[in-house]
Amino acid sequence: MTALITATLGVFIGLLMALTGAGGGVLAVPLLIFALGMPVHTAASISLLTMALAATVGALMAFQAGDLRYRAALFMGVIGTLVSPLGYWLAHQVNARWIQALFAAVLCWVAFRSLFLQGQTRGIDELPDAQVAPAPCELNPETGRFLWTLPCARALLAAASVTGLLSGLLGVGGGFVLVPALQRFTRLSLQSISGTALGVIALVSWWGAGVSWLHGTLEPSQALPFSLAAVTGMVLGRRLGQSVDPTIVRRLFGTLCAVVAMMMAVKAYSGG
């Protein structure tokens, strides 16, 4: 029964990562905590390996489809890996209740964005002209590549730093930070935003999973079944993405995040 629950949760997380623009992985840790009774640090380590495997598959598929901005992903991924050890250190300095409380706050923010902010399912190039603000990262009209300017580099560096910190601290991929940041800072389509975010998540999560393994908090025999199931879900989700209404997905995802946030808040308050 445990193996079936693990596989089902893994497929579900992979589907969410594909259908929500790489942000669905934020639910991996709380679902592992509630469904399998794992300690928060163990769940975070398994989540990092899961994000690494699933995001790598998703990024490769995005690259084949021409949706991965690999230079931007590499730049942000390197920054994220440099910052993530700080988050990992902080996670082991504070009580698990505070980690759970922070998780609840993050999930509330994700739920709010998913349920109430318009344009969440579209890239900035797909919005009406009246809603488009100047973006720090402009594209070369001839090559379609980023024009690397100081404002663009600063914007991507800030997003990558937050992603790396939260990855080390909470064991999350950081798509819930990367996707809205790339929507705000670039003029990419949602497919390209998702593919680029997956590339960053893959790099940062592989680093975090390696650190967890070296410190003995990642047990491969526990992590691999869940992670491989998530890869399956990622592949299915990338193939189903064009046929699923993103508005419905966004609302369901936001509602689920809100429910899980309340559960995490109660768990943190009760000290469970």
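Structure first, text after, so check above.
Remember, predicted model here, so these are calculated numbers, not experimental data. (Residues numbered from 1 in each chain as written. Predicted model: local features only at pLDDT ≥ 70, side-chain atom pairs only at ≥ 80, totals over all residues. Heavy atoms only, no water.)

Peer 1: Sorry, what's going on with the overall build of the protein here?
Peer 2: Counting secondary structure elements, the protein contains ten helices and zero strands. The secondary structure elements of the protein, listed N-terminal to C-terminal, are α-α-α-α-α-α-α-α-α-α. Relative to its length of 272 residues, the protein is compact, with a C-alpha radius of gyration of 17 Å against a globular reference of 19 Å. Counting across all 272 residues of the protein, residues that qualify as buried make up 51%. For the protein, the share of sequence-separated contacts (at least 6 apart) that also reach a separation of at least 24 residues comes to 80%. Positive and negative side-chain charges in the protein, numbering 14 and 8 respectively, have mean positions lying 8 Å apart. (Helix = DSSP H or I, 4+ residues; strand = E, 2+ residues; numbered from the N terminus. Rg over C-alpha atoms; globule rule 2.2 N^0.38 Å. Buried < 20%, exposed > 50% of the residue type's maximum accessible area, 1.4 Å probe, protein only. Contact = heavy atoms within 4.5 Å. Lys, Arg positive; Asp, Glu negative; His and termini not counted. Charge placed at Lys NZ, Arg CZ, Asp CG, Glu CD.)

Peer 1: Help me understand helix α10 (residues 246–270), please; the structure alone is not making it clear to me.
Peer 2: Each α-helix winds once per 3.6 residues, and so residues spaced three or four apart point in a common direction. For α10, built from 25 residues, the straight-helix expectation of 36 Å at 1.5 Å per residue is met to within 8% by its first-to-last C-alpha distance of 36 Å. The set of residues buried in α10 consists of V249, R250, F253, G254, C257, V260, A261, M264 and A268. The secondary structure elements touched by the buried residues of α10 are α1 (2–19), α2 (28–36) and α5 (96–116). (Expected span 1.5 Å × (residues − 1).)

Peer 1: Sorry if this is basic, but what is going on with the state of the cysteines here?
Peer 2: Chemically, a disulfide is nothing more than a covalent bond linking the sulfur atoms of two cysteines. Under the definition given, this model contains one disulfide. The residue that forms a disulfide with C137 is C152, at a sulfur-sulfur distance of 2.1 Å. Residues C137 and C152 share a disulfide whose torsion about the S-S bond is about 100°; that sign makes it right-handed. Linking C137 in the loop between α5 and α6 (150–170) with C152 in helix α6, this pair joins segments that are 15 residues apart in sequence. Here C137 and C152 have matching classes, each one buried. A disulfide-free cysteine, C108 has its sulfur positioned 9.4 Å from the sulfur of C257, the nearest such atom. (Disulfide = S-S within 2.5 Å.)

Peer 1: What is the right way to look at a nonpolar patch on the surface in this model?
Peer 2: A grouping of F34, V259, M262 and M263 is seen on the molecular surface, where their side chains present a nonpolar patch of about 350 Å² in accessible area. No other element matches the three residues that α10 contributes to the nonpolar patch. In this fold, F34 is placed in helix α2. (Patch = residues over 30% accessible without salt bridge, like charges linked within 9 Å, V, L, I, M, F, W, Y side chains within 5 Å. Areas by Shrake-Rupley, 256 points an atom, 1.4 Å probe, with all protein chains shown as cover. Salt bridge = Lys/Arg side-chain N within 4 Å of Asp/Glu carboxyl O.)

Peer 1: I'm lost on the side chain of S84 in this one. Help?
Peer 2: Along the chain, S84 falls in helix α4 (residues 70–91). The contacts of S84, once residues within four sequence positions are left out, are G164, G168 and W207.

Peer 1: What am I meant to see in the pattern of salt bridges here?
Peer 2: For side chains bearing opposite charge, pairing can occur when the charged atoms are close. Following the criterion strictly, the structure yields one salt bridge and no others. Here R187 ties to E138 by a salt bridge, and the two come within 3.1 Å at their closest N and O atoms. Taken together, the positions of R187 in the loop between α7 (175–185) and α8 (190–214) and E138 in the loop between α5 and α6 put the pair 49 residues apart, joining distant regions of the chain. A relative accessible area of 26% places R187 in the partly exposed class.

Peer 1: Mind showing me how you'd approach the packing of aromatic side chains here?
Peer 2: For any pair of aromatic rings, geometry is given as the distance between the ring centres together with the angle between the planes. All chains considered together, the criterion is met by four aromatic pairs. Seen from their ring centres, F112 and F116 are 5.6 Å apart, and the 45° between their planes marks the pair as tilted. Of the two residues, F112 and F116 both sit in helix α5, four residues apart, roughly one turn of that helix. (Phe/Tyr/Trp six-rings, centres within 6.5 Å; stacked < 30°, edge-to-face > 60°.)

Peer 1: Explanation requested: the environment of G14 in the structure shown.
Peer 2: As for its position among the elements, G14 is in helix α1. When its relative accessible area of 0% is taken as the criterion, G14 is described as buried. Residues G14 and S194, 180 residues apart in the sequence, show an inter-C-alpha distance of 13 Å. Residues in contact with G14, not counting those within four places in the same chain, are A230, G233 and M234.

Peer 1: What is the right way to look at α6 in this model?
Peer 2: In this model, α6 (21 residues) spans 30 Å end to end at C-alpha, consistent with the 30 Å of a helix rising 1.5 Å per residue. For α6, the full list of buried residues reads C152, A155, L156, A159, A160, T163, G164, L166, S167, G168, L169 and L170. Buried residues along α6 sit in contact with α2, α3 (40–64), α4, α5, α7 and α8. Phi turns positive one or two residues past the end of α6, at G171, with a value near 75°.

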